[in-house]
Amino acid sequence: MTSEKNINTQYKRNLNRLNIFAGTYETVFNSVKDILNTAKQLAVTQGSDQMDAASRKIAASQIEGIIENLVTLGNTKVGNTYAFGGKKSDRASFVLNEDYSVTFQGSDDVPEVYVDGNTKEKLGMSGKNAFYDGDDVSVFGALKELKDALENNDGNAIRNASGSIDKALDLT
């Protein structure tokens, strides 16, 4: 009887953790969407041929801040667990490189927990699945593309990066 009670208590704890993770993901993805929309507005404004190199340089700095914020969101923790680390949840999921590219260092695999005697649910999410769509589209890649285009004062590349940000928005 005590053993069954302990198992049921563990199922309840697992369900509670799943709910906490779900709430965390909802908050993070809402923030990511808001941040990407801000980047999109910058891209549209700076994509105008009326903008000059000085304005675009300032905008590139703003995009650097946006990338930094997104890395922080990608490294959100629930307790001692990095929420987007998959099975490598004991370390930061994302690393910001010197050139403002971002490296995912988590795992594609996600741990599972039992919620009853026969049912397992994924506990957590891989940052690769959350912020990347194969090798073509990534939230971080779209922002790096925009940053580089702004720094190069290239209106066509800025407009192209705006399309990449649209694809990144579809991921969130």
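Residues numbered from 1 in each chain as written. Predicted model: local features only at pLDDT ≥ 70, side-chain atom pairs only at ≥ 80, totals over all residues. Heavy atoms only, no water.

**Student:** Account for the overall build of the chain, with residues named and values stated.
**Tutor:** For the chain, the helix and strand inventory stands at 5 helices and 8 strands. Mapped from its N terminus to its C terminus, the chain presents α and β elements in the order α-α-β-β-β-β-β-β-α-β-β-α-α. Scaling as 2.2 N^0.38, a compact globule of 172 residues should have a C-alpha radius of gyration of about 16 Å, whereas the chain reaches 19 Å, well beyond that. Expressed as a percentage of the 172 residues in the chain, the buried residues total 42%. Long-range pairs, those at least 24 residues apart, make up 59% of the contacts in the chain with a sequence separation of at least 6. Of the roughly 9,500 Å² of accessible surface on the chain, 44% is carried by carbon and sulfur atoms. (Helix = DSSP H or I, 4+ residues; strand = E, 2+ residues; numbered from the N terminus. Rg over C-alpha atoms; globule rule 2.2 N^0.38 Å. Buried < 20%, exposed > 50% of the residue type's maximum accessible area, 1.4 Å probe, protein only. Contact = heavy atoms within 4.5 Å. Areas by Shrake-Rupley, 256 points an atom, 1.4 Å probe, with all protein chains shown as cover.)

**Student:** An account of the packing of helix 1 (residues 2-46) against helix 4 (residues 139-151) is needed here, citing residue identities and associated values.
**Tutor:** The N-to-C vectors of helix 1 and helix 4 enclose an angle of 30°; their axes lie 11 Å apart at closest approach. When the axes of helix 1 and helix 4 are compared, the pair comes out roughly parallel. Read as a crossing pair, helix 1 and helix 4 show a hand that is left-handed. Listed contacts from helix 4 to L36, A39, A43 and Q46 of helix 1 are V139, L143, L146 and L150. Its residues placed into classes, the contact of helix 1 with helix 4 shows 7 nonpolar, 1 polar and no charged. (Axes fitted to C-alpha atoms, helices over the stretch in contact; angles between N-to-C directions. Parallel < 35°, antiparallel > 145°, perpendicular 65-115°, else oblique. Left-handed = near helix turned anticlockwise from the far one by under 90°. Nonpolar A, V, L, I, M, F, W, Y, C, P; charged D, E, K, R; others polar.)

**Student:** Explain unusual backbone geometry to me, and be specific about the residues and the numbers.
**Tutor:** Although it is not a glycine, Y100 adopts a positive phi angle of roughly 75°. One can find Y100 in the loop between strand 3 (94-96) and strand 4 (102-104). The class for Y100 is buried, based on a relative accessible area of 14%. Unlike most non-glycine residues, N153 shows phi in positive territory, near 55°. Secondary-structure assignment places N153 in the loop between helix 4 and helix 5 (155-171).

**Student:** For the nonpolar core, give the residues involved together with the corresponding values.
**Tutor:** By size, the foremost hydrophobic cluster in this structure holds 44 residues, and its most contacted members are I63, L70, F84, F94, F131 and L143. Counting residues per element, the ones that place at least two in this core are helix 1, helix 2 (53-74), strand 4, helix 3 (127-131), helix 4 and helix 5. Here the element with the most residues in this core is helix 1; it accounts for 11 residues. Beyond its immediate stretch of four places on either side in the chain, F94 contacts V71, G74, N75, F84, V102, T103, F104, G127, F131, Y132 and F140. (Core = buried A, V, L, I, M, F, W, Y, C linked by side-chain atoms within 4.5 Å.)

By themselves, these observations are geometric and do not establish any function.
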